[in-house]
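Residue-level structural notes
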Amino acid sequence: MGTEASDTATGALSGLLENPVVGMSPWITFSLLVGPGRFEFAVGISLAAAVALVVLGRVVNRGSSWKLLELADVVFFGAMTAIGALASEGTRTWLETYAGEVANFTLATIAFGSMAVRMPFTLQYAREQADPSLWHTRGFIRTNYMITGVWGLAFLVAALAGLYGDLILRSPDNMWTNWIIQILAIVAALRFTAWYPDVVRARAAREAEGLGREPPNVASLMLPVAGLLVPIGIAVLVFDGDLWWLGVALVVIGGVLTKTLHARS
């Protein structure tokens, strides 16, 4: 019984490590945590997570390949740690303000760059979960281009939002540019990562067999994002009293949209 439980836990951990979202988690963590007075904490947590993912990947999935994203995690956060340790006070202040945007722009560059060299970074993860007979099929490759591109766009949106908050608003801890917009972009990419492969599989089954279930619709894609509007509205009510009307509107719109999308999905 104990052995079965151990095997189940190992299998679950192995599956988790084969998910590209896990490889991006140090970057997501860093971009959301970093800010004035928090650079050392954010980069320390992110570097520890990056190293842990590499070690666990080699221990749990002994036959797995080295991932571009894993290596980029360790190199980037290792370099940021070294720079932070040796930086002057002025440089450290700059890092506390702009390091989140640097990380987001870097990951967007990795995403689009991997597509440019015809190796979208999600492909390495997807191959470890799929039968080798699918690796070179058009649908499999196109799916990974789409998912990698969406993640590139999500981190580009997060970077531009943070840059707007830092340069235009002069508010590195602005709730909208540093948290809400970035979280919405990440949640949208997370949802697309789960939704799009299911659409491709359903379409392929219908084309091959002329039957099968309908592909998931756009309403099911948007449902989790709409659901976030309610807690965002509550956060606005709690932390930004001047915009109480917007908070109320977001709660109402989020509730109505969630109910409508749920019915259509």
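Preceding block: the structure.
These notes cover the structure that comes with them.

Thresholds applied
Residues numbered from 1 in each chain as written. Predicted model: local features only at pLDDT ≥ 70, side-chain atom pairs only at ≥ 80, totals over all residues. Heavy atoms only, no water. Salt bridge = Lys/Arg side-chain N within 4 Å of Asp/Glu carboxyl O. Helix = DSSP H or I, 4+ residues; strand = E, 2+ residues; numbered from the N terminus. Buried < 20%, exposed > 50% of the residue type's maximum accessible area, 1.4 Å probe, protein only. Phe/Tyr/Trp six-rings, centres within 6.5 Å; stacked < 30°, edge-to-face > 60°. Patch = residues over 30% accessible without salt bridge, like charges linked within 9 Å, V, L, I, M, F, W, Y side chains within 5 Å. Areas by Shrake-Rupley, 256 points an atom, 1.4 Å probe, with all protein chains shown as cover. Polar contact = N/O pair within 3.5 Å; in protein donor to acceptor, adjacent residues only side chain to side chain. Contact = heavy atoms within 4.5 Å.

Further remarks concern the pattern of salt bridges. Tallied over the full model, the rule gives 3 salt bridges. For the salt bridge of D173 with R38, the shortest nitrogen-to-oxygen distance reads 3.0 Å. Linking D173 in the loop between α7 (138-168) and α8 (175-209) with R38 in the loop between α2 (20-33) and α3 (39-60), this pair joins segments that are 135 residues apart in sequence. Overall, the relative accessible area of 25% leaves R38 in the partly exposed class.

A complete count under the given rule lists 10 aromatic pairs for this structure. Consider the rings of F30 and F77, whose centres lie 5.4 Å apart with planes at 65 degrees: the pair is edge-to-face. Of this pair, F30 sits in helix α2 while F77 sits in helix α4 (residues 68-86), and the two are 47 residues apart along the sequence. A ring pair is formed by W94 and Y98, whose centres lie 5.3 Å apart and whose planes are at 40 degrees; its orientation type is tilted. Note that W94 and Y98 are positioned in helix α5 (residues 89-116) at a spacing of 4 residues, about one turn of the helix. Grouping aromatic residues by their ring pairs yields a cluster made of W27, F30, F39, F76 and F77.

Residues I234, L237, V238, F239, W244, W245, V248, V252 and V256 make up a contiguous nonpolar surface patch of about 960 Å² in total accessible area. The set of elements that each furnish at least two residues to the nonpolar patch consists of α9 (218-239) and α10 (244-264). Of the residues forming the nonpolar patch, the biggest block, 5 residues, is contributed by α10. In this structure, V256 sits in helix α10.

Time to look at the side chain of S220. Looking at where S220 falls in the secondary structure, it is placed in helix α9. Take S220: its relative accessible area is 12%, and that puts it in the buried class. A distance of 3.1 Å separates a polar atom in the side chain of S220 from a polar atom in the side chain of W195. Apart from the residues lying within four places of it in its own chain, the contact partners of S220 are R191, W195 and S265.

Purely geometric stuff here, so don't read any function into it on its own.
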